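Here's the letter readout for the chains.
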Number of protein chains: 2
Amino acid sequence: MARLGIIAGQGRLPVALKQAVPEAHLCAFEGVGYAGEEHAQMHRFDALGRLMAELHEEGVTELVLAGAMRRPALDAARLDPLTLSLMPRLQAALRKGDDGLLRDVVQIFEEQGFHVIGAHQVDTDLTASEGVLTVAAPSASTRGDIARAASILAALSRVDVGQAAVVEGGLCLGVESVQGTDALLRFVAASPPELRRGQGVLLKAPKAGQDLRVDMPSIGPGTVARAVEAGLSGIAIEAGLVLILDRAATLAAADEAGLFLEAVNL
Amino acid sequence: MARLGIIAGQGRLPVALKQAVPEAHLCAFEGVGYAGEEHAQMHRFDALGRLMAELHEEGVTELVLAGAMRRPALDAARLDPLTLSLMPRLQAALRKGDDGLLRDVVQIFEEQGFHVIGAHQVDTDLTASEGVLTVAAPSASTRGDIARAASILAALSRVDVGQAAVVEGGLCLGVESVQGTDALLRFVAASPPELRRGQGVLLKAPKAGQDLRVDMPSIGPGTVARAVEAGLSGIAIEAGLVLILDRAATLAAADEAGLFLEAVNL
């Protein structure tokens, strides 16, 4: 039987996964920022051999890399044989962007016999299937804005930019760049009030071809709070492909503010 | 011989055009925001017949609409016959966005026998042909970022978004939305310093298919000041298609700050 291993980074996701799959084996690297309340088996990035052995001993066959990780400091004196043999690749990977680094890490785990999957493949409750999740629902004109935002994200996907856009009344009020969704929503909140008539929408979706095993778009209660500050009417996410972290709190915050949250097929 | 008429809105552009073509006939509508130091013949939006007659009497054959205009208040009691006959179209146009309104206004002037042209067609000194205009020049890596920004703008053009993007080290730090270039640069200035290593570039260019007679991208000394605050190394503009308002002051500000300004063929 497949046993799940979770390599835990920052944020709520690793804990949410562990709670959804209590029998999963939870590991984290020292110094990359895991701070969840669930006990994690701690490992060092310069001792990958020990980690691989432990995962095999624990019967782990499927692995999920959950949550962003700070780049680890590597102590050359402590490198174990496996890590040492991987150093040329890891050094090249560390010179790439975070996505490039994580893609190489995925490949290393795959070569060691683990099947690396995305968090959305572990527990479907972390994403949403098509439909409105809140008391409020988008208006007809807001559905038009969601379609416009989807066409903007599709265009940006081709140049590898953006997992989110804000549209109101057909006007694009902002596109996510490398600073992330919260920065986008703060930008919208600072825009002239005549552009924000309370009908705007944030659409969040992965880029076309994005490797969801290394980077998956997510929303949470903080996203709802920022959307309220930006004067939006709601949030749309791509069905099945965007994580809802702390789903109960996210939906409660949206309902309290009268925002809609809808999962849409794009 | 063709005589130029200038319908003056806000900002430096109408005055710059008048100074470049002193024999041009300068008109403005009351209440739309012309505040230049050059004398303009004042007109009312509800008396378009008088304006058309004056333009014909003055021998005007080519017209440029220069500078953004605030939407005028129309006094129904004062509508002259021509304006009255145009009211159904003007009312429909006023319900559109500013670009849609201006496209209809262009068409009305064309029907009255005037050839409406873009400011870039009046005086080539208002735009720049290909080349570096400043003491500083872009580095090889910044030229790569200009190319990346160009591909982002080309993708956004297809969905009618954005006349500007900021890129540094291959990362997109921001895309212009309806709030304009200054808002984009303030957003970049507020981004985490580790994303801004002093090598970034702002690229500004019209959208593909944009009607430059009603809306033309421009930069000026204020753009340079915002770019400095954003920690950029320079500004690239599309050759021939982006207005440089107050060219001397713009180049002086860039040189003083050590920024480059380059006109590029896209």
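Residues numbered from 1 in each chain as written. Chains lettered and ligands numbered in written order. Predicted model: local features only at pLDDT ≥ 70, side-chain atom pairs only at ≥ 80, totals over all residues. Heavy atoms only, no water.

Caption draft 1: The arrangement of the overall build of chain A in detail. When its secondary structure is counted, chain A shows nine helices and 13 strands. The C-alpha atoms of chain A give 20 Å as radius of gyration, which agrees with the globular expectation for 266 residues (18 Å, within 12%). Each of the three principal axes of chain A carries a C-alpha extent, and together these read 60 × 35 × 25 Å. Summarising the internal contacts of chain A: among those between residues at least 6 apart in sequence, 69% fall at separations of at least 24. Put simply, chain A shows about 11,200 Å² of open surface, and 52% of that area lies on carbon and sulfur atoms. (Helix = DSSP H or I, 4+ residues; strand = E, 2+ residues; numbered from the N terminus. Rg over C-alpha atoms; globule rule 2.2 N^0.38 Å. Contact = heavy atoms within 4.5 Å. Areas by Shrake-Rupley, 256 points an atom, 1.4 Å probe, with all protein chains shown as cover.)

Caption draft 2: Quick peek at the relation of the copies chain B and chain A. Rotating chain B by 180° and translating it 0.1 Å along the rotation axis places it on chain A, where the RMSD comes to 0.1 Å. Accordingly, the operation relating the two chain copies is best matched by a two-fold axis. Considering only C-alpha atoms, the part of chain B nearest the rotation axis is Ala 155 of chain B, at 2.8 Å. Interface overlap between copies: 100% of the residues of chain B at the interface are likewise at the interface in chain A, consistent with a symmetric, same-surface contact. (Least-squares fit on C-alpha atoms with pLDDT ≥ 70 in both.)

Caption draft 3: Up close: the interface of chain B and chain A. Each partner contributes to the interface: chain B provides 23 residues, whereas chain A provides 23 residues. Carbon and sulfur atoms supply 70% of the area that chain B and chain A bury against each other, a total of about 1,700 Å² over both sides. The interface formed by chain B and chain A holds zero salt bridges in total. Applying the counting rule to chain B against chain A returns ten residue pairs in polar contact (both at pLDDT 80 or more). Residue assignment for the side of chain B that touches chain A shows that the elements contributing at least two residues are helix H6 (140-157), strand S8 (171-175) and helix H7 (181-189) of chain B. (Buried area = accessible area lost by both parts, 1.4 Å probe. Salt bridge = Lys/Arg side-chain N within 4 Å of Asp/Glu carboxyl O. Polar contact = N/O pair within 3.5 Å; in protein donor to acceptor, adjacent residues only side chain to side chain.)

Caption draft 4: Structural detail: the nonpolar core. The biggest cluster of nonpolar side chains holds 37 residues, and the ones touching the most others in it are Ile 152, Leu 156 and Leu 203 of chain A together with Ile 152 and Leu 156 of chain B. Here this core takes seven residues from helix H6 (residues 140-157) of chain A, the largest share from any one element. In terms of nonpolar packing, the next biggest core, distinct from the first, is built from 26 residues, Met 52, Leu 86, Leu 90 and Ala 93 of chain A among them. (Core = buried A, V, L, I, M, F, W, Y, C linked by side-chain atoms within 4.5 Å. Buried < 20%, exposed > 50% of the residue type's maximum accessible area, 1.4 Å probe, protein only.)

Caption draft 5: Fine view of the environment of His 43 of chain A. Residues and elements named next belong to chain A. Looking at the secondary structure, you find His 43 in strand S3 (residues 41-43). Considering only alpha carbons, one finds His 43 and Cys 27, 16 residues apart in sequence, at a separation of 7.0 Å. With residues up to four places along the chain from it excluded, the contact list for His 43 reads Cys 27, Ala 28, Phe 29, Glu 30, Arg 50, Leu 51 and Glu 54. Within the structure, His 43 has its side chain in polar contact with the side chain of Glu 54 (distance 2.9 Å).

Caption draft 6: Representation of the pattern of salt bridges within the structure. Residues and elements named next belong to chain A. Considering all chains together, one arrives at 22 salt bridges over all chains under this definition. With a closest N to O distance of 3.3 Å, Glu 110 and Arg 213 form a salt bridge. Placement of the pair is Glu 110 in helix H4 (residues 98-111) and Arg 213 in the loop between strand S9 (200-204) and strand S10 (218-219), with a sequence separation of 103 residues. Judged by its relative accessible area of 30%, Glu 110 falls in the partly exposed class. One salt bridge connects Arg 226 with Glu 229, and the closest N-O pair in it is separated by 3.2 Å. Taken together, the residues Arg 226 and Glu 229, both in helix H8 (residues 221-229) and three residues apart, mark about one turn of the helix. Residue Glu 229 is classed as partly exposed on the basis of its relative accessible area, which comes to 46%. When salt bridges with common partners are traced through the structure, they connect Glu 30, Arg 44 and Asp 46 into a single cluster.

Caption draft 7: Main features of the sheet that holds strand S13 (residues 260-264) of chain A. Residue and element names in this part refer to chain A. Overall, mixed pairing links the six strands, which are arranged S6-S13-S11-S9-S7-S8 in an open sheet. The sheet is open, and its two borders are formed by strand S6 (131-132) and strand S8 (171-175), each paired with just one other strand. Across the sheet, helix H7 (residues 181-189) touches strand S7 (164-168), S8, S9 and strand S11 (232-238), and the angle it forms with S7 is around 25°. (Pairing = 2+ DSSP bridges. Axes fitted to C-alpha atoms, helices over the stretch in contact; angles between N-to-C directions.)

Caption draft 8: Here's a closer look at unusual backbone geometry. Look at Asp 246 of chain A: it is not a glycine, yet its phi comes out positive at around 55°. For Asp 246 of chain A, the location among the structural elements is in the loop between strand S12 (243-244) and helix H9 (247-257). Asp 246 of chain A sits in the partly exposed class, given a relative accessible area of 33%. The phi torsion at Asp 160 of chain B lies on the positive side, around 60°, for a residue other than glycine. Relative to the helices and strands, Asp 160 of chain B is located in the loop between H6 and strand S7 (164-168).

Caption draft 9: The arrangement of the side chain of Arg 44 of chain A in detail. Residues and elements named next belong to chain A. When you line up the elements, Arg 44 lands in the loop between S3 and helix H2 (48-57). Polar contacts involving the side chain of Arg 44 include one to the side chain of Asp 46, which spans 2.8 Å. Leave out the neighbours within four places in its chain, and Arg 44 touches Phe 29, Glu 30, Asp 75 and Arg 78.

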